[in-house]
Amino acid sequence: MAITHSPADTPTGDPAPATTGGGAQDAARRAAERGRARRRLYQWLFVAPALLYMLGFFGFPLVNNVVMSFQRYTPTTYFTGEAPFTGLDNWRAVLSDSLFTDAVWQTLLFTAGSLLGQFTIGLGLAVFFSRRFRLSGPIRAVLLLPWLVPMVVSAVVWRRIMDQDHGVLNSFLSVFGMDAVPWLASPSVALLSAVLVNIWIGIPFNMVILYGGLQEIPRELYEAAALDGAGPWRAFRSVTLPMLRPVITVVLVLGFMSTIKVLDLILALTGGGPADSTQTLGTLTYQLSFLQLDFGQGAVVGNVLILISAVFAVLYLRVNRADLGKGK
């Protein structure tokens, strides 16, 4: 006769633990963790060459430049290896110099004027060429030439064009009865002349990038705006600018980074003169380091330039992150 047991016959009323699925789940979890660790290892291996390159060619010079700004670093240092620390002496000497203050303001004016002119004209040309017409392609190709020519070559050519006595520009102005303008010889005009030349060089870059961004805007948005009664200017403000904002941000950031450190253009155009009226942080670094051979003070100005660029980069990342958050 079969004997049956009730739950009360067991020592406890708890069911027996299941042992069949637990081991398989642990093994699967460990295998998944090993797979993730292997993928992270592969990712770091792929990134490692770029990281080593950045540390070797950017990280080490940056740290060395910071250390140099606290040392008395002269040409004899390269032979003797002696570079005694001077504390904040180099920083005090540079920051208390009126030439440094003038260079900061002139750098900001040069950068702001160049970005404003390059972006405004570049955006206008991009909008103009977005309406395709005959020979638009060849004309765009010709407009790229200022960007393709080396900056030193452009500066030398413009120096001849802006020559006060024999320049083409003043000869052209004389046709209309205007007096010769000392474009590069007057402290009150030289910085403006450098800005105009830099605008001429940077227009093609802005035009090309903004033109590419305009091509990505759906045509349906303009059609919907037209149906709502929006004119060209309203469509530009309500459709083009908002849709083009990410591209505009990239253009301005890249333009800022390339403009604030301009050296070869000003050296070939004015040499920082006349009367230091076109002296910027880039040219001041060159003057202190390679003309006066005071590498410590030159490193101070270079660090200030790096700090300004870093602050702008952080602000850009914050704004970009905020835009991405709003987009989500």
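In short, a report on the structure. As the structure is a prediction and not an experimental result, all values here were calculated from the model. (Residues numbered from 1 in each chain as written. Predicted model: local features only at pLDDT ≥ 70, side-chain atom pairs only at ≥ 80, totals over all residues. Heavy atoms only, no water.)

## Remarks on the overall build of the protein
Selection rule: For the purposes of this entry, the term helix denotes a DSSP run of H or I that reaches at least four residues, the term strand denotes a run of E that reaches at least two, and both are numbered from the N terminus. We compute the radius of gyration over the C-alpha atoms and compare it with the globule rule, which gives 2.2 Å times the number of residues raised to the power 0.38. The rule is simple: take the accessible area with a 1.4 Å probe, protein chains only, and divide by the maximum for that residue type; under 20% is buried, over 50% is exposed, in between is partly exposed. For this analysis, residues touch if any pair of their heavy atoms sits within 4.5 Å. Here, Shrake-Rupley sampling with a 1.4 Å probe gives the accessible areas, and only protein chains in the shown set may cover a residue. The sign given to each residue is positive for Lys and Arg and negative for Asp and Glu; His and the chain ends receive no count. Where a charge lies is defined by one atom per residue type, namely NZ (Lys), CZ (Arg), CG (Asp) and CD (Glu).
What the protein contains, in helices and strands, is 14 helices and zero strands. Order of helices (α) and strands (β) in the protein, N terminus to C terminus: α-α-α-α-α-α-α-α-α-α-α-α-α-α. Since a compact globule built from 328 residues should have a radius of gyration of about 20 Å, the 31 Å found for the protein marks it as more spread out than a globular shape. Once the C-alpha set of the protein is aligned to its principal axes, its extents read approximately 130 × 75 × 30 Å. The 328 residues of the protein split such that 32% are buried. Looking at the protein alone, contacts between residues at least 24 apart form 67% of all its contacts between residues at least 6 apart. Within the structure as shown, the protein displays about 21000 Å² of accessible surface, and the carbon and sulfur contribution to it stands at 67%. When the 24 positive and 19 negative side-chain charges of the protein are each reduced to one mean point, those points stand 9 Å apart.

## What to know about the packing of helix α4 (residues 98-130) against helix α9 (residues 190-215)
Cut-off, in case you're wondering: Note on geometry: axes are C-alpha line fits, over the in-contact stretch for helices, and angles between N-to-C directions span 0 to 180 degrees. Throughout this description, any angle smaller than 35 degrees is read as roughly parallel, any larger than 145 degrees as roughly antiparallel, any in the 65 to 115 degree range as roughly perpendicular, and the remainder as oblique. Left-handed describes a crossing whose near helix is turned anticlockwise from the far helix by less than a right angle; the clockwise case is right-handed. Residues are grouped as follows: Ala, Val, Leu, Ile, Met, Phe, Trp, Tyr, Cys and Pro are nonpolar; Asp, Glu, Lys and Arg are charged; all remaining types, including Gly, are polar.
The contact between α4 and α9 brings their axes to 6 Å, and the two run at 40°. Judged by the angle between their axes, α4 and α9 are oblique. Two packed elements cross with a definite hand, and for α4 against α9 that hand is right-handed. Here the contact of α4 with α9 is composed, by residue class, of 18 nonpolar, 11 polar and no charged.

## Here's the deal with a positive patch on the surface
Counted only if it meets this: In this analysis, a patch consists of residues with relative accessible area above 30% that form no salt bridge, clustered at 9 Å for like charges and at 5 Å for the nonpolar side chains Val, Leu, Ile, Met, Phe, Trp and Tyr. Any Lys or Arg side-chain nitrogen found within 4 Å of a carboxyl oxygen on Asp or Glu counts as a salt bridge.
A contiguous patch of positive charge on the surface is contributed by Arg30, Arg34, Arg36, Arg38, Arg39 and Arg40. Given a relative accessible area of 42%, Arg38 falls into the partly exposed group.

## A look at unusual backbone geometry
Here the amide bond leading from Gly273 into Pro274 is cis, since omega sits at -5°, within 30 degrees of zero. Within the chain, Ala275 stands out as a residue other than glycine whose phi angle is a positive 55°. Among the secondary structure elements, Ala275 is positioned in the loop between α12 (264-269) and α13 (281-291).

## Brief notes about the nonpolar core
Condition: Throughout this description, the term nonpolar core refers to a set of buried Ala, Val, Leu, Ile, Met, Phe, Trp, Tyr and Cys residues connected via side-chain atoms within 4.5 Å.
Phe110, Met162, Trp183, Val197, Leu265 and Leu269 are the most contacted members of the largest nonpolar core, which totals 20 residues. Elements with a minimum of two residues in this core: α7 (151-161), α9 and α12. If you tally residues by element for this core, the top one is α9, at seven residues.

## What to know about the packing of α9 against helix α11 (residues 232-259)
Relative orientation of the contacting elements α9 and α11 amounts to 150°, with a least axis distance of 10 Å. For the element pair α9 and α11, the recorded crossing hand is right-handed. Residues Asn198, Phe205, Asn206, Ile209, Leu210, Gly213 and Leu214 of α9 touch α11, and the partners they reach there are Thr240, Leu244, Val247, Ile248, Val251, Leu254 and Thr259. Residues of the contact of α9 with α11, tallied by class, amount to nine nonpolar, five polar and no charged.

## Quick look at the environment of Ala185
Here Ala185 is to be found in the loop between α8 (168-175) and α9. Residues Ala185 and Val314, 129 residues apart in the sequence, show an inter-C-alpha distance of 38 Å.

## Structural notes on the side chain of Ser289
If you trace the backbone, Ser289 turns up in helix α13. Beyond its immediate stretch of four places on either side in the chain, Ser289 contacts Asp294, Phe295, Gly298 and Ala299.

## Structural notes on the side chain of Asn170
Using the following cut-off: Two N or O atoms count as a polar contact when they lie within 3.5 Å, although within protein this holds only if one can serve as hydrogen donor and the other as acceptor, and sequence-adjacent residues are included solely when both atoms are side-chain atoms.
By the element assignment, Asn170 lies in helix α8. Overall, the relative accessible area of 5% leaves Asn170 in the buried class. Within polar-contact distance, the side chain of Asn170 engages the backbone oxygen of Gln164 at 3.1 Å. Beyond its immediate stretch of four places on either side in the chain, Asn170 contacts Asp163, Gln164, Ala180, Val181 and Trp183.

## Observations concerning a nonpolar patch on the surface
Together, Leu41, Tyr42, Trp44, Leu45, Phe46, Val47 and Leu51 make up a nonpolar patch on the protein surface, roughly 790 Å² of accessible area in all. As for its placement among the helices and strands, Leu45 is situated in helix α1 (residues 22-68). Using a relative accessible area of 53% as the deciding quantity, one classes Leu45 as exposed.

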